[in-house]
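# A closer look at the structure
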Amino acid sequence: MAATEDDKRESEGLGNGEPRFFGPSLYVFAAAAIIAGAFCYSLKGAEVFYRVLAEEGALLLVIFPRVIAALLMAGLIQVLVPQDLVSKWVGRDSGVRGIVIAAAAGVLTPGGPLTAFPVVVALFASGAHRGALVAYLTGWALLGIQRTLVWELPFLGTDFVLLRFAASAVLPILAGLIAMRVPITLTPPRTGG
Amino acid sequence: MQIASGIGMWIAVQLLGTPAWRPDGDEIRRALKIAAGHFRTLLPRMVMALLMAGFVAELIPEDLIGTWIGGESGIQGILIASGAGIFVPAGALVIMPIAVALLKVGVGLPQLVAFVSSWAIFAVHRMVTYEAPMMGGRFIALRLLASCPLPFLAGITAGFLIALVPG
């Protein structure tokens, strides 16, 4: 796939564009913070405003080291998990087993949409079962390890992540199974050209 | 739950220690460079997102959250939280501070699980930007139909798990 402007633009904020400090998304975030802060100051008063600043500052200090550790882990995962390993085990329409493998592969898939969706398209084109496709995307979206490590763990902590993981472990497979029964016809994309 | 963290770290160490997986110098350098690039983008946005969420948390009336998706709101709260997650068309960097803010104002854990799961699955921003052009509307319809019940189920299961493990 040719590199497009979409590739350069940040997708989930990380991992798919050129790393940069400033950028359109920063201005949006900053505007949101300023507007929310202005509302808070005028509606709740200065004392609340400064308390929030202090609380969020303290939270940032707690999150900081966790984020660093998580990003190192994420970088290692991205380097160590070979793309073809993922492709080898998904991509065959072997029914339930394919669904389970696809779900597991999705969970292990690192990166943002620009990593996962090309894989899905390629699998689709080479004949992967609809159940496997849905299981893969759901596994990636719901339980993607790299994204969970980088984003969820620093903010919400180990206990919550474990709870959500345990509660959701079987769900990508369930989604794949349901997808096999849904009466929507899919035609694989034409490859090449 | 320190045990869980300990087990996790031990697994990570074992994984990285396996000869097939052990990163060499080049790979470590690459990984560090990737991590540093992430960090440069992430830090300022995270600061802003945290500030925004903190301010928003002050503006949301606490009893509103408590009534609709608080710890006592039960199945109804899980349903509402599942629906609410659809309406956050933004990335993880926005949803996570919102989740933290919700915790601050008293959201229940099963409800929060449903909320985060719903956002993760529906991810409107991602659907429009990537999934629609790459996979087409029919695939989206298929995936959404198959995934509808998931956030609710996640919330319910989380509720059970919490009830099973005391304290």
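Residues numbered from 1 in each chain as written. Chains lettered and ligands numbered in written order. Predicted model: local features only at pLDDT ≥ 70, side-chain atom pairs only at ≥ 80, totals over all residues. Heavy atoms only, no water.

## With respect to the overall build of chain A
The number of helices and strands found in chain A is 9 helices and 0 strands. Mapped in sequence order, the helices and strands of chain A form the string α-α-α-α-α-α-α-α-α. Every one of the 193 residues in chain A was classed for burial, and the buried ones make up 47%. Summarising the internal contacts of chain A: among those between residues at least 6 apart in sequence, 71% fall at separations of at least 24. (Helix = DSSP H or I, 4+ residues; strand = E, 2+ residues; numbered from the N terminus. Buried < 20%, exposed > 50% of the residue type's maximum accessible area, 1.4 Å probe, protein only. Contact = heavy atoms within 4.5 Å.)

## Observations concerning the overall build of chain B
Looking only at helices and strands, one finds 9 helices and 0 strands in chain B. Starting at the N terminus and walking to the C terminus, you meet the elements of chain B as α-α-α-α-α-α-α-α-α. Burial status across chain B gives 46% buried among its 167 residues. Per element, the accessible surface of chain B, about 8000 Å² overall, is 73% carbon and sulfur. (Areas by Shrake-Rupley, 256 points an atom, 1.4 Å probe, with all protein chains shown as cover.)

## A word on the packing of helix α7 (residues 130–143) of chain A against helix α8 (residues 137–147) of chain B
Relative orientation of the contacting elements α7 of chain A and α8 of chain B amounts to 70°, with a least axis distance of 10 Å. On the basis of the axis angle, α7 of chain A is roughly perpendicular to α8 of chain B. The segment α7 of chain A lies against α8 of chain B, with Arg 130, Leu 133, Val 134, Leu 137 and Thr 138 of chain A engaging Phe 139, Leu 142, Arg 143, Ala 146 and Ser 147 of chain B. A breakdown of the residues in the contact of α7 of chain A with α8 of chain B according to their chemical character gives 6 nonpolar, 2 polar and 2 charged. (Axes fitted to C-alpha atoms, helices over the stretch in contact; angles between N-to-C directions. Parallel < 35°, antiparallel > 145°, perpendicular 65-115°, else oblique. Nonpolar A, V, L, I, M, F, W, Y, C, P; charged D, E, K, R; others polar.)

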